[in-house]
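# Tertiary structure, described
Residues per chain are reported as follows:
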Amino acid sequence: MSKTAIITGSGRGIGAAIAKRLAKDGFDIAINELSEEAGQQTAEECRALGVKAGVFAADVSDYAQCEEMIKKVKDEFKTIDVLVNNAGITRDGLLLRMSEETYDTVIRINQKSVFNMTKLAGAAMLRQKSGSIVNLASVAGLYGNPGQMNYSASKGAVIAMTKTAAKELGSRGIRVNAVAPGFIQTPMTDKLTEEQKSAILGQIAMKRYGQPEEIANVVAFLCSDDSSYVTGQIIEISGGLSM
Ligand code: NAP
């Protein structure tokens, strides 16, 4: 029987690259996006690789919407074997100028979504006694980053949540890991100024930005049986941004 992967926020950027890579590996793909239209292109590209793919619209920061989405995915695909918590946003600003609303929005979307989806997909995996969950953390969550008090707090929490979930679910055959990307070329980082981009480049040992496919390759490893004894780990993928 084919396996199913659900990837949040996979209409574009790193999420879309992960969806296509997992489709190549033979997974049926449940694409999550805020709207149906936003996920259609990824779905078509996955189907072209010979697997089933569907778009499931939901705001992953909303528990009730996640509950409804997981039910629909189970109805359509029967099992949930892989969950990739990829959806995330940035709302950067220096601490003293950051509004409470901006702080709360980033925490809700980047952090609460991981609670919602891990709890709901984890329950389905518990019944199967198998599964792999991969969270998208960030180097900002490991080391902090000026202008990202909200984002780095949310990603630091994702790292702690990864380890807690790995400890809770490990005995039931469910592995939980995270990747911590550095600077990856996507619509999220296209927003940075040229000055910010060149400052970041100066700190990267490999002297280039990463591509979404380079994140997808490591996520695919963590979703595969090749990593069957790996859990609770945070793998930095940053071209040597920090060592
Ligand atoms: P991106 O291009 O901005 O894509 C993020 C995707 O998430 C978008 O499709 C977005 O949909 C979706 N999304 C946002 N809020 C959502 C919600 N509430 N419910 C469902 N979907 C939602 O970002 P990316 O660069 O690919 O980043 C993907 C992940 O990697 C994020 O968690 C990010 O924090 C992490 N990361 C990225 C980098 C980097 O350098 N790019 C570095 C470290 C970590 P809309 O288009 O509708 O907003």
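Look up: the structure comes first, before these words.
Residue indices begin from 1 for each chain and proceed along its sequence in written order. For this predicted model, a pLDDT threshold of at least 70 governs which residues receive local features, and a threshold of 80 or more governs which side-chain atom pairs are given and counted, while totals over whole chains, interfaces and linings are taken from all residues. As a convention, hydrogens and water are excluded, and side-chain values are obtained from all of the structure's heavy atoms.

## Brief notes about helix α3 (residues 63-77)
Under the DSSP-based scheme used, a helix requires at least four consecutive residues in state H or I and a strand at least two consecutive residues in state E, with every element numbered from the N terminus. For a helix, the expected span equals 1.5 Å multiplied by the residue count minus one. Between its terminal C-alpha atoms α3 stretches 21 Å, which fits the 21 Å expected from 15 residues at 1.5 Å a residue. For every residue, the accessible area (1.4 Å probe, protein chains only) is compared with the maximum for its type, and the residue is labelled buried under 20%, exposed over 50%, or partly exposed between those bounds. For α3, the complete set of buried residues consists of C66, M69, I70, V73 and F77. Relative to the axis of α3, the buried residues are bounded by an arc of 100° and lie together on one face. Packing partners of the buried residues in α3 comprise β1 (4-7), β2 (28-33), β3 (53-57) and α4 (100-128). Polar contact criterion, stated in full: a pair of N or O atoms within 3.5 Å, where within protein one must be able to donate a hydrogen and the other to accept it, and residues adjacent in sequence count only if both atoms are side-chain atoms. For α3, the N-terminal capping position is held by D62, with its side-chain oxygen 3.0 Å away from the main-chain nitrogen of A64. Just beyond α3, the residue with positive phi is K78, at close to 75°. Arc, as used here, means the arc of the directions from the helix axis to the C-beta atoms. We call two residues in contact when some of their heavy atoms are within 4.5 Å.

## Observations regarding the nonpolar core
Only buried residues count toward a nonpolar core, which is a set of Ala, Val, Leu, Ile, Met, Phe, Trp, Tyr and Cys residues joined through side-chain atoms within 4.5 Å. Within the largest apolar cluster, 29 residues are counted, with the highest numbers of intra-cluster contacts made by I7, I18, L22, I29, V84, I215 and V219. Of all the secondary-structure elements, those providing two or more residues to this core are β1, α1 (13-24), β2, α2 (36-47), β3, β4 (82-85), β5 (131-136) and α9 (212-223). Other than its neighbours up to four places away in sequence, L22 contacts A5, I7, F27, I29, V82, V84, A220 and C223. The next biggest cluster of nonpolar side chains, apart from the first, holds 23 residues, and it includes V60, C66, F77 and L83.

## Section: the site of the ligand
Whether a residue is near a molecule or strand depends on its heavy atoms: if one lies within 4 Å, it is near. Every one of the 28 residues lining the ligand counts as a neighbour, but R12, E33, N86, Y151 and T186 are closest to it. The contact in question runs from an oxygen atom of the ligand to an N or O atom on the side chain of R12, over 2.8 Å. Interatomic distance of 2.5 Å between a side-chain N/O atom of Y151 and an oxygen atom of the ligand. Computed by Shrake-Rupley with a 1.4 Å probe, the accessible areas treat only the displayed protein chains as cover when residues are assessed. The protein chains hide 91% of the 900 Å² of surface that the ligand would expose on its own.

## Some remarks on a nonpolar patch on the surface
Patch criteria: residues need more than 30% relative accessible area and no salt bridge. Like-charged residues are merged within 9 Å; nonpolar side chains of Val, Leu, Ile, Met, Phe, Trp and Tyr are merged within 5 Å. For this document, the term salt bridge refers to a Lys or Arg side-chain nitrogen within 4 Å of an Asp or Glu carboxyl oxygen. Taken together, the side chains of L95, L96, Y103 and M149 define a hydrophobic patch exposed on the protein surface, amounting to about 440 Å² of accessible area. In this fold, L95 is placed in the loop between β4 and α4.

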